[in-house]
Protein chains: 6
Amino acid sequence: MSPIDYTHILTKAVDELSDSQSYRGLFHQHREGEPLPSGKSLERIVELSRAILFPGYFGNSTINSQTINYHIGVNIEELFSLLIEQIQAGLCFGVENSGQCDCQSPCRATATQLAAEFISRLPEIRRILATDVEAAYYGDPAATCFGEIICCYPVIRAVTNYRIAHELHRLNVPLIPRIITEMAHSETGIDIHPGAQIGHHFTIDHGTGVVIGATCIIGNHVKLYQGVTLGAKSFPCDEQGNPIKGIPRHPILEDNVIVYSNATILGRITIGEGATIGGNIWVTESVPTGARIVQRKSKEN
Amino acid sequence: MSPIDYTHILTKAVDELSDSQSYRGLFHQHREGEPLPSGKSLERIVELSRAILFPGYFGNSTINSQTINYHIGVNIEELFSLLIEQIQAGLCFGVENSGQCDCQSPCRATATQLAAEFISRLPEIRRILATDVEAAYYGDPAATCFGEIICCYPVIRAVTNYRIAHELHRLNVPLIPRIITEMAHSETGIDIHPGAQIGHHFTIDHGTGVVIGATCIIGNHVKLYQGVTLGAKSFPCDEQGNPIKGIPRHPILEDNVIVYSNATILGRITIGEGATIGGNIWVTESVPTGARIVQRKSKEN
Amino acid sequence: MSPIDYTHILTKAVDELSDSQSYRGLFHQHREGEPLPSGKSLERIVELSRAILFPGYFGNSTINSQTINYHIGVNIEELFSLLIEQIQAGLCFGVENSGQCDCQSPCRATATQLAAEFISRLPEIRRILATDVEAAYYGDPAATCFGEIICCYPVIRAVTNYRIAHELHRLNVPLIPRIITEMAHSETGIDIHPGAQIGHHFTIDHGTGVVIGATCIIGNHVKLYQGVTLGAKSFPCDEQGNPIKGIPRHPILEDNVIVYSNATILGRITIGEGATIGGNIWVTESVPTGARIVQRKSKEN
Amino acid sequence: MSPIDYTHILTKAVDELSDSQSYRGLFHQHREGEPLPSGKSLERIVELSRAILFPGYFGNSTINSQTINYHIGVNIEELFSLLIEQIQAGLCFGVENSGQCDCQSPCRATATQLAAEFISRLPEIRRILATDVEAAYYGDPAATCFGEIICCYPVIRAVTNYRIAHELHRLNVPLIPRIITEMAHSETGIDIHPGAQIGHHFTIDHGTGVVIGATCIIGNHVKLYQGVTLGAKSFPCDEQGNPIKGIPRHPILEDNVIVYSNATILGRITIGEGATIGGNIWVTESVPTGARIVQRKSKEN
Amino acid sequence: MSPIDYTHILTKAVDELSDSQSYRGLFHQHREGEPLPSGKSLERIVELSRAILFPGYFGNSTINSQTINYHIGVNIEELFSLLIEQIQAGLCFGVENSGQCDCQSPCRATATQLAAEFISRLPEIRRILATDVEAAYYGDPAATCFGEIICCYPVIRAVTNYRIAHELHRLNVPLIPRIITEMAHSETGIDIHPGAQIGHHFTIDHGTGVVIGATCIIGNHVKLYQGVTLGAKSFPCDEQGNPIKGIPRHPILEDNVIVYSNATILGRITIGEGATIGGNIWVTESVPTGARIVQRKSKEN
Amino acid sequence: MSPIDYTHILTKAVDELSDSQSYRGLFHQHREGEPLPSGKSLERIVELSRAILFPGYFGNSTINSQTINYHIGVNIEELFSLLIEQIQAGLCFGVENSGQCDCQSPCRATATQLAAEFISRLPEIRRILATDVEAAYYGDPAATCFGEIICCYPVIRAVTNYRIAHELHRLNVPLIPRIITEMAHSETGIDIHPGAQIGHHFTIDHGTGVVIGATCIIGNHVKLYQGVTLGAKSFPCDEQGNPIKGIPRHPILEDNVIVYSNATILGRITIGEGATIGGNIWVTESVPTGARIVQRKSKEN
């Protein structure tokens, strides 16, 4: 084929792909002046949050105790400014999605207020993350010190993203919390929905393949291993066949529960306080306090 | 040790590692002027494809319906040019590998033709991806809108890479398709071989740990959960003990099959239409239409 | 709220987060002049090592057999210099952690010596990695050539990082080896502790979700599939309730063992030579030579 | 000195430099939400303008005549969006500077209108730049083709920036035009004030050191050499000793004037049509039509 | 104006600017597969050349005498590869420009040969640059050592670019040499045409504003100061009014000439051996051996 | 020529260029562990200094008066750390150059002390730069406000670099000050030697081509125009023909002197208080207080 034929093929593809029939439902129409959810900004938001919460471990590592407030100050200011933009992007996305939108400036004011609210909760987020670091340390004989946990353990990255995203979720910010937890999912293989509620001293060992659903409720001092699913069993649909949103459909894990690797716990059941769930099993019914559930013996073949 | 000793250690290591005995089988000898498979170019190819297929969600997000054709046009032109280079790199790699190579310019001409062919299939790729987005939306009560699916759900990234790679695989391009699906594997934990055949309205929930083998055939409206393996049970070797290539050895899933988390389905068996496979089980025999297979009850210990 | 109120919220958060009570245990205090563990440097260290070990596949791909020593030479020199810095950072981190530190220059001298020692072991690392490439090739009918294995297969990246990290671990470098294996964990979903001992001709198919614990001993010609856990069953604590470090607590796999997907093998048990462990099962007792262990039949429901 | 002393020195310097007395007049106080003049955005604006005006020479060079409109389209859209932001930044800067500011949204609307107005003038800017390219080509025996002029000759970069900046200046945008011409000044050594008026077929040979003042009026077919100054002789001050702004104080050069290297022409004088000014001389009085002015003979010493 | 009006303005501008009438002479039509002159590649070419010629001063500075050949080797290989591409781009540009072009592969072969030829001249280029460094050092009392000259003095950058470009010019490579000298012009304010012939021990003090024309011939041990012009006085045109190319029209400076700042020497005249030209004067007639020419005394006013 | 021939040419060039005879005087041998003068670090040092001295104009522009100390604090800490490294690099370079070197740690301690000393002088540097901004503003009718001066005027960049470099020069740091002023030279065309002494309220209009020599002494309220040279007339050599270093050889300009464009003032002469030097003239003798010197009238030709 001659170059002219190739040009013809390309321009034909351009025309087809620019046809509004072709991109229906797959196209995000942008209104001038509106901020956009930005993966790059959100990555920076996560970086800044990690640098603020674990000073010296993430971000500029040369800080010392005399100059720490300069660093925290600069990071919080940048975080505030990026959050305003991304929260506004989330709000616009949400409004647009619901089909009722004539805001613009109100959105900006709301976003600013929510960003400030989020900033004011950072000390509390640090307080609970400190308990998660402890739990990881005391739960792993291979760990040599808190610093190793913070630097290397994927659970810290996943749970930090989750705790940040969960606060934004509580402030009713659409879309943004989910993108933040999916960033940790991609980085660590741990998929925690921002809607889940998780107590203090929470840890996950290794972590790849863990799934924690949107309506999970997890108590304090809970430990999961890699590959654990806390999922939904099935979900009711409305008359049009659409899944009904917002119904509790994921498990409740009470305090001090341990779930071993690759176990699957499905549905709105309760795993009682102190219970232990063995690896590679499928649990769809509630488990009483203190119980131990394991796989039936495998056989030699 | 003095600096001179260290220099000696370094130059000794250089000599050993530059010895042709040492790098046999691990060295890719480059012929001047030939393009190379490039991770960076392939990442850009995936970015461009996503930006073309889901305009406004990936790539330059400020586009609107009046100017969409400028963006699609520029992206397709860049995509075409990068594809020619990478397809040629794949062809050279393949030829070299088979030990019979005296092409060069023919390679470039062939690569150009294949790249144009690929471009012309993009509208069809978008059409089927639209059904995958729908399937993900209707299959997850936590999803609030199509936009959230496209922005956040790892399945969309994995399946987009797969559908792109599968077209290149159908065009007999060596190596490149596999690199593209491995990029999605690293990003999402979902490992789909470009050779697999997958129908429309396909979705995977959460996805980490999913494996779909090279000779799988998957019908329409199939849904998988995280950790599902569609693998080979064993494989025959030839007289030299090398595995025989190209024999169908992975499962067939008919329409409307659901496979729950961490299930393992192995071998050239058929899971019949509408069947449901429970989580954490190992299936090595065919399953009839409409059947439900689950794990034996676990026991309290 | 007016801008002034927001400034007040921000500065209040800065003050709280800069308070030494708030960051206890989460703060890494830096001493002037000391190098820091750097994710970016360690990524470069891994890149350089891959480029040296698999010339032409990673790093500058245009090398040929006449000029290979220039490339290896430049890469080894940069590697040496980065390793000195990162090993010193690891040593300082370790010393600090143990609370006894007045070194500085001794650290630098030790780091230089260890880096040179590491460099001198690179030819041996390449030799064993060549067997891993072979094992991957002969174990997968979908593989078309060695080059495809090296370019695309996640196992190569994970095992390369592990073999590098294991050498640094043997040289008693703190922290750094673990960061290197976690980088591969994030990239491939394969989590191998640098302390594990692994023989030649080792391979992992697909790999996502694999966990290999710190005290594992793995023979030659062993093959794992995705989702396999080689973990600890439980661990004794000392009188203060801290887990006791350094006790062998992970499995021993003898030569020629195969473990299928999602199997979980826990505790200091031995899987005898040539044994096969089926998928999705939980093994906590030793398995004799040549045995085949599979899941109990699942049932239709 | 001990580390503690150094910390003291640093924090003392921080305090002094953060004292409002210290930074009076040197500090740009930022109001939240307002865009800022950004060197990086303005560099991109210049890049985009050059790519639009000289397609294939600047920017993406792989365009051809079939696909040129895609490229121009995408570039104009990005240019429009960046211009809105930077024009708004200029307007805010100007208002702030005059001490009367309660705008915000009006600024944005005005900026959008001015940016659109600027875009609509681009075809005219290209038309006149085409004459400048011609003038450079016919004026230099060393030039081999138009393409060489556009690629290499600093005059094209300087005059393009000037013609862009001059249009923004005519639209009364503060600050931004000056930054744009200073960018060319740094790149080429040619300093043209955006307020100057310059006819078509204008060229400057070599160019380093050329200065063209704010109230210059230059006719058509004028040629300058390196080091030429068209400056002000002196300027009247008001009662407070401040220079009075806006008085014509730079030369008028009529059509077809040539000024040789390092000549200095000062004050509101007129160089008549077709006059030639020799190099290294100082001219402070008007020169009649067609005259040739040269330096007095130098002497041997 | 509403958004729709703005879209109309933008698309109208796109249409006008994509009209072939509008871009005639200003558009570089690209043929698929052909390399393009690339500012970025040429910057890298200059960087590599400087690193090769002055090892340890430019480029990777950590080299020592044991490992220098690794660095030179890697740099030369990259330089060779980039030169082939850029020389080919220059050849295509030249051919296209002359309107007679049906080459393609011949171009590539020629480019490779010329690049190899250039590489083989690098030792000679270094030899002469060593004399320029000496001349700069012995000519400036402010210089403290050779290293300071190489690191800081703009003349070294300008003359290095010139000597590289001059070799490419001698090999009849179109366009590329000129871009290389213009890069130094922008960086240093020194504008040397690649066609000029310059002897050894050449230096320029400060340098901003120096211009050396295409047909200049400069002997050995010549020193110029800032602002010196060695230009053409006028040039004959052919019957169509186009300047006639290739006629000698710039000065000849014999050995040991010194020209002080801002002097302008024009036309094909000869400045005799050992002559001194004073600052700020205009010289258009030959100057005898050993003469000293200065400005007429200025007067008090 | 075949590829093998090219390889031969390349390796021959590598050998010649790696020969120690070839690079004598042009090679900077690096000692392991020593910092190197780094253009990139020095650019960052200049950026940070500008951001500290003119907050909100350079660097992070979103600062306001409540949060300014966070930004100044973080910038000063980074500046301190980079300065230590670069000052040490300068000290090592100087020692090496003088041929007497067995320092290492003393160097680091000295560098730290000098860096702290420099930091403590920043408030004074800002105080004097504020007078330079004023002088530029009151000296140019085209300037609309202080902000425009700081943002756009090249003199501010050149004089800031000079005042920084001059302090380092006073602290006897070798090499580094000169690199810093040459960076401004390249950016603005203004070449000020760090050794020059310059009073307050100093300004340069336009600036391209200005040269201020190492032993100049310039009073307060002095104004220069573009192209002005304050240079040396000639310099005595010692018995070996080397220029004698450190002899005063550049002009003294007393308070309130104005020098117009392209004037050249040479030698250790004194331009008396309030004198005015016209453009394009060459001055080699002292000028009395209040005098006005201009070029002899040019003539019509």
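Structure shown above.
About the cut-offs
- Residues numbered from 1 in each chain as written.
- Chains lettered and ligands numbered in written order.
- Predicted model: local features only at pLDDT ≥ 70, side-chain atom pairs only at ≥ 80, totals over all residues.
- Heavy atoms only, no water.
- Least-squares fit on C-alpha atoms with pLDDT ≥ 70 in both.
- Contact = heavy atoms within 4.5 Å.
- Pairing = 2+ DSSP bridges.
- Helix = DSSP H or I, 4+ residues; strand = E, 2+ residues; numbered from the N terminus.
- Salt bridge = Lys/Arg side-chain N within 4 Å of Asp/Glu carboxyl O.
- Buried < 20%, exposed > 50% of the residue type's maximum accessible area, 1.4 Å probe, protein only.
- Expected span 1.5 Å × (residues − 1).
- Buried area = accessible area lost by both parts, 1.4 Å probe.
- Nonpolar A, V, L, I, M, F, W, Y, C, P; charged D, E, K, R; others polar.
- Polar contact = N/O pair within 3.5 Å; in protein donor to acceptor, adjacent residues only side chain to side chain.
- Lys, Arg positive; Asp, Glu negative; His and termini not counted.
- Axes fitted to C-alpha atoms, helices over the stretch in contact; angles between N-to-C directions.
- Parallel < 35°, antiparallel > 145°, perpendicular 65-115°, else oblique.
- Phe/Tyr/Trp six-rings, centres within 6.5 Å; stacked < 30°, edge-to-face > 60°.
- Lys NZ or Arg CZ within 6 Å of the ring centre and 35° of its normal.

### Considerations on the relation of the copies chain B and chain A
Here comes step 1: Structural alignment of chain B on chain A gives an RMSD of 0.0 Å, achieved by rotating through 120° and translating 0.0 Å along the axis. Taken together, the rotation angle and the small translation identify this as a three-fold axis.
Here comes step 2: The two copies present different faces, since only 11% of the interface residues in chain B are matched by interface residues at the equivalent positions in chain A.

### Some details on the sheet that holds strand β10 (residues 264–266) of chain E
Residues and elements named next belong to chain E.
Here comes step 1: The strand order across the open sheet formed by five strands is β1-β4-β7-β10-β13, and the pairing between neighbours is parallel. With one partner strand each, in any of the chains shown, β1 (191–192) and β13 (282–283) form the two edges of the open sheet.
Here comes step 2: Inspection of the sheet shows strand β4 (residues 211–212) paired to strand β7 (residues 229–231) by two bridges, in the parallel sense. Along β7, the bridge assignment pairs Ile212 with Leu230.

### With respect to the pattern of salt bridges
Here comes step 1: Applying the stated criterion to the full structure yields 72 salt bridges over all chains.
Here comes step 2: The salt bridge involving Glu167 of chain A is made with Arg170 of chain A; its shortest N-O contact spans 3.1 Å. Taken as a pair, Glu167 of chain A and Arg170 of chain A lie in helix α8 (residues 154–170) at a separation of three residues, close to a single helical turn.
Here comes step 3: With a relative accessible area of 10%, Glu167 of chain A lands in the buried category.
Here comes step 4: With a shortest N-O distance of 2.8 Å, Asp132 of chain D and Arg163 of chain D are connected by a salt bridge. Of the two residues, Asp132 of chain D is situated in helix α6 (residues 122–138) and Arg163 of chain D in helix α8 (residues 154–170); the sequence distance between them amounts to 31 residues.
Here comes step 5: Residue Arg163 of chain D is classed as buried on the basis of its relative accessible area, which comes to 6%.

### Re the arrangement of the chains
Here comes step 1: Note that chain A does not reach chain E: the shortest distance linking a C-alpha of one to a C-alpha of the other is 8 Å.
Here comes step 2: In this structure chain B stays clear of chain F, and the shortest span between their C-alpha atoms is 8 Å.

### Brief notes about α6 of chain D
Residues and elements named next belong to chain D.
Here comes step 1: A rise of 1.5 Å per residue sets the reference length of α6, with its 17 residues, at 24 Å; its end C-alpha atoms lie 25 Å apart and thus fit the reference within 8%.
Here comes step 2: Most of α6 is tucked away: 12 of the 17 residues are buried.
Here comes step 3: Residues of α6 that are buried: Leu122, Pro123, Ile125, Arg126, Ile128, Leu129, Thr131, Asp132, Val133, Ala135, Ala136 and Tyr137.

### Thoughts on the interface of chain B and chain A
How big an interface is tends to be stated in terms of the accessible area lost upon association of its parts.
Here comes step 1: On the side of chain A, 54 residues touch chain B, which itself brings 66 residues to the contact.
Here comes step 2: Approximately 5,100 Å² of surface area, both sides summed, lies buried where chain B meets chain A, with 61% of it carried by carbon and sulfur atoms.
Here comes step 3: Here chain B is connected to chain A by one salt bridge.
Here comes step 4: Here Arg178 of chain A and Glu148 of chain B are joined by a salt bridge, their closest N and O atoms 3.6 Å apart.
Here comes step 5: For the side of chain B that touches chain A, the secondary-structure elements that each account for two or more residues are α2 (39–53), α3 (68–98), α4 (105–120), α5 (122–138), α6 (146–152), α8 (176–188) and β15 (299–300) of chain B.
Here comes step 6: Considered class by class, the residues forming the side of chain B that touches chain A number 31 nonpolar, 25 polar and 10 charged.

### Regarding the relation of the copies chain B and chain E
Here comes step 1: Mapping chain B onto chain E calls for a rotation angle of 180° and an axial translation of 0.0 Å; the resulting RMSD is 0.0 Å. The relationship between the two copies is best expressed as a two-fold rotation axis.
Here comes step 2: An overlap of 100% is found between the interface residues of chain B and their copies at the interface of chain E, pointing to a shared contact surface.

### Considerations on the environment of His206 of chain B
Here comes step 1: With respect to the helices and strands, His206 of chain B occurs in the loop between β3 (203–205) and β4 (211–212).
Here comes step 2: The class for His206 of chain B is partly exposed, based on a relative accessible area of 22%.
Here comes step 3: Sequence spacing of His206 of chain B and Thr7 of chain B is 199 residues, and the spatial spacing of their C-alpha atoms is 51 Å.
Here comes step 4: Each residue touching His206 of chain B, except ones within four places of it in the same chain, is listed here: His185, Asp191 and Val211 of chain A together with Pro154 and Gln226 of chain B.
Here comes step 5: Reaching out from His206 of chain B, the side chain makes a polar contact with the side chain of Asp191 of chain A at a distance of 2.7 Å.

### Here we look at the sheet that holds strand β13 (residues 282–283) of chain C
Residues and elements named next belong to chain C.
Here comes step 1: If you walk across this open sheet you meet the five strands as β1-β4-β7-β10-β13, and the pairing is parallel. Of all the strands in the sheet, the pair left with one neighbour each is β1 (191–192) and β13.
Here comes step 2: Alignment of strand β7 (residues 229–231) against strand β10 (residues 264–266), held across three bridges, turns out to be parallel. Paired with Gly231 across the two strands is Leu266, which belongs to β10.

### Remarks on the side chain of Glu77 of chain F
Here comes step 1: Within the secondary structure, Glu77 of chain F is located in helix α3 (residues 68–98).
Here comes step 2: For the buried Glu77 of chain F, which has no salt bridge, the nearest side chain bearing the opposite charge is Arg44 of chain F, at an N-O separation of 11 Å.
Here comes step 3: Within the structure, the side chain of Glu77 of chain F is placed 2.4 Å from the side chain of His71 of chain A, a separation counted as a polar contact.

### Things to note about the packing of helix α3 (residues 39–53) of chain A against α8 of chain A
Residues and elements named next belong to chain A.
Here comes step 1: Running from amino to carboxyl end, α3 crosses α8 at an angle of 105°, the nearest separation of the two axes being 11 Å. Classified by the angle their axes make, α3 and α8 are roughly perpendicular. In contact with Val46, Ser49, Arg50 and Leu53 of α3, α8 contributes Arg157, Thr160, Asn161 and Ile164.
Here comes step 2: When the residues that make up the contact of α3 with α8 are grouped by side-chain class, the tally is three nonpolar, three polar and two charged.

### Observations concerning the packing of aromatic side chains
Here comes step 1: Here the structure, examined in full by the defined rule, presents 42 aromatic pairs over all chains.
Here comes step 2: With centroids separated by 4.9 Å and ring planes inclined at 15°, the aromatic side chains of Tyr225 of chain C and Tyr260 of chain C adopt a geometry described as stacked. Here Tyr225 of chain C, found in strand β6 (residues 223–225), pairs with Tyr260 of chain C, found in the loop between β9 (258–259) and β10; they are 35 residues apart in sequence, far enough to count as distant. Exposure class is identical for Tyr225 of chain C and Tyr260 of chain C. Each is buried.
Here comes step 3: Here the aromatic residues Tyr137, Tyr138 and Phe146 of chain A are joined through ring pairs into a cluster of three or more.
Here comes step 4: Geometry around Phe58 of chain A places Arg50 of chain A over its ring, the cationic atom sitting 5.9 Å from the centre.

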